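What follows is the residue order along each chain.
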Amino acid sequence: MAKIRAAITGVGGYVPDYILTNKELETMVDTNDDWIISRTGIKERRILKGEGVGTSFMGIKAVNELLEKTNTDPAEIDLLICSTVTPDMVFPATANVIAAAVGAVNAFGFDVEAACSGFIYSLSTGSQFIETGKYKKVIIVGADKMSSIIDYSDRTTCILFGDGGGAVLLEPTEEEEGIMDFMHKSDGNGAEYLFMKAGGSRYPATHETIDNKEHSVYQEGAAVFKFAVTNMAEYASKVMDRNNLTGDDIAWLVPHQANKRILDATARRMGIAPEKVMLNIERYGNTTGGTIPLCLWDFESRLKKGDNIIIAAFGGGFTWGSVYVKWAYDSN
Ligand SMILES: CC(C)(COP(=O)(O)OP(=O)(O)OC[C@H]1O[C@@H](n2cnc3c(N)ncnc32)[C@H](O)[C@@H]1OP(=O)(O)O)[C@@H](O)C(=O)NCCC(=O)NCCS
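Residues numbered from 1 in each chain as written. Predicted model: local features only at pLDDT ≥ 70, side-chain atom pairs only at ≥ 80, totals over all residues. Heavy atoms only, no water.

Considerations on the nonpolar core
A general feature of soluble globular proteins is that nonpolar side chains tend to end up buried together.
Here comes step 1: Ranked by internal contacts, the top residues of the largest apolar core, which has 44 residues, are M240, L253, M270, I272, I310 and F314.
Here comes step 2: Among the secondary structure elements, those contributing two or more residues to this core are β8 (178-186), α7 (221-242), α8 (260-270), β12 (308-315) and β13 (319-326).
Here comes step 3: Tallying contributions element by element places α7 first for this core, with nine residues.
Here comes step 4: If we skip the residues at most four places from it in the chain, L253 touches A267, M270, I272, K276, V277, M278 and I310.
Here comes step 5: Listed in part, the 32 residues of the second largest apolar core include A6, I130, L170 and L303. (Core = buried A, V, L, I, M, F, W, Y, C linked by side-chain atoms within 4.5 Å. Buried < 20%, exposed > 50% of the residue type's maximum accessible area, 1.4 Å probe, protein only. Helix = DSSP H or I, 4+ residues; strand = E, 2+ residues; numbered from the N terminus. Contact = heavy atoms within 4.5 Å.)

If you want it as structure tokens, here you go:
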């Protein structure tokens with residue numbers, strides 16, 4: 001019997017309308033357009049405005065588009081996983097809020113909290129439910145409202161992040177395509193470089209935690225930068241090596257959109273030509289769980305059945321890894 005693999009059979013995405021430009025950031029912190037572009041490659045990012053709207057708002061939009069594009073009855077969805085560090089609430093899982101809103105009445109769901117690697121962790125987790133033959137339709141959402149945990153007086157972080165999200169549908173295939181391989185790693189020793197201190201069980205919210213701005217992202221950028229390049233390139237190269245792939249065999253590298261300089265350095269180390277690197281960081285910044293599905297969403301029309309795609313991510317935790325996908329459809 002042929003091996004069952006999980007194929008990505010559709011992509012949906014959503015970014016909010018409001019555009020926060022580098023020029024507007026210049027009015028908020030001591031920074032400038034030239035510095036931001038040259039140090040990060042980011043020109044603008046999207047911000048979700050409005051009272052009472054959280055990450056699920058964007059996840060619901062992305063999943064509804066995905067269901068429509070793939071002509072999928074939401075009642076057929078078996079599982080919905082949401083990767084996010086900005087859930088609507090600590091509990092219940094944002095996955096369940098999304099599933100209920102889109103009518104996935106027969107699904108179960110849970111959130112994956114692995115920062116910027118959350119989407120690839122979720123993708124490989126979801127693929128296992130398909131490969132075992134247990135489930136037929138699994139949705140993986142990656143979405144974050146980073147503006148809800150960013151301190152807009154900290155110029156070292158507020159320039160980097162934005163809001164947005166995407167979703168993919170996984171379905172079984174017996175062809176040699178879909179999620180072909182993956183390799184993940186985490187190292188809790190990296191926690192000190194990138195974290196949000198308060199709001200969890202260790203430091204619940206108090207007036208003091210709020211006054212000390214401990215409910216927003218803390219990052220030692222230079223250290224994170226170094227680990228990101230080394231670990232993304234190492235794991236993506238390992239996945240390529242064990243599948244006998246060279247840079248020439250790869251149609252696209254889909255890196256987590258953290259900083260254009262990180263992406264350039266990662267691609268260089270891996271021997272992947274710059275024109276094969278999916279990039280949308282200049283328009284969206286770092287949307288954490290959202291960057292990879294948003295790249296697939298933006299580039300979907302250029303993807304061809306059989307394309308070898310290497311996805312690579314690195315994030316807080318530290319978390320990192322790579323997924324090898326053979327694209328399963330032509331979108332035109
Ligand atoms: C944050 C980041 C852009 C900073 O760039 P960098 O080249 O490392 O810059 P440094 O932190 O060394 O700072 C250089 C100088 O620029 C200043 N600076 C920092 N942010 C600035 C800003 N927005 N505008 C102007 N100057 C800024 C610093 O204060 C520092 O000044 P100093 O030399 O007088 O102290 C970069 O480190 C980065 O992208 N790191 C990884 C972030 C990331 O990917 N996080 C998500 C993980 S997935």
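Picking up where we left off.
With respect to the sheet that holds strand β11 (residues 252-255)
Here comes step 1: Taken in spatial order, the four strands of this open sheet run β8-β13-β12-β11, and their pairing is mixed. Sheet topology places β8 and β11 at the edges, where each strand pairs with a single neighbour. This sheet shows a mean twist of 15° between the axes of neighbouring strands, independent of strand direction.
Here comes step 2: As defined by bridge partners, β11 adjoins β12 across four bridges and the pair is classed as parallel. (Pairing = 2+ DSSP bridges. Axes fitted to C-alpha atoms, helices over the stretch in contact; angles between N-to-C directions.)

What about the side chain of T72?
Here comes step 1: Relative to the helices and strands, T72 is located in the loop between α3 (55-69) and β4 (79-83).
Here comes step 2: In this structure the side chain of T72 is engaged in a polar contact, spanning 2.7 Å, whose partner is the side chain of T70.
Here comes step 3: Once you skip the residues sitting within four places of it in the chain, T72 turns out to touch L67, I77, K137 and L169. (Polar contact = N/O pair within 3.5 Å; in protein donor to acceptor, adjacent residues only side chain to side chain.)

As for the site of the ligand
Here comes step 1: As a matter of local geometry, the ligand sits amid 23 residues, with T31, R39, R155, Q219 and N259 nearest to it.
Here comes step 2: The side chain of R155 places a nitrogen or oxygen atom 2.9 Å from an oxygen atom of the ligand.
Here comes step 3: Within the side chain of N259, an N or O atom sits 2.6 Å from an oxygen atom of the ligand.
Here comes step 4: Notes on the ligand: free accessible area 960 Å², of which the protein chains cover 72%. (Near = heavy atom within 4 Å. Areas by Shrake-Rupley, 256 points an atom, 1.4 Å probe, with all protein chains shown as cover.)

Comments concerning the environment of F182
Here comes step 1: Mapped onto the secondary structure, F182 falls in strand β8.
Here comes step 2: As for F182 and S124, which are separated by 58 residues in sequence, their C-alpha atoms are 6.9 Å apart.
Here comes step 3: Apart from residues no more than four positions distant in its own chain, F182 is found in contact with S124, S127, Q128, V239, R242, S322 and V323.

Digging into the side chain of Q219
Here comes step 1: In this structure, Q219 sits in strand β10 (residues 218-219).
Here comes step 2: Once residues lying within four places of it in the same chain are set aside, the contact partners of Q219 are T157, L160, Y193, L194 and V224.

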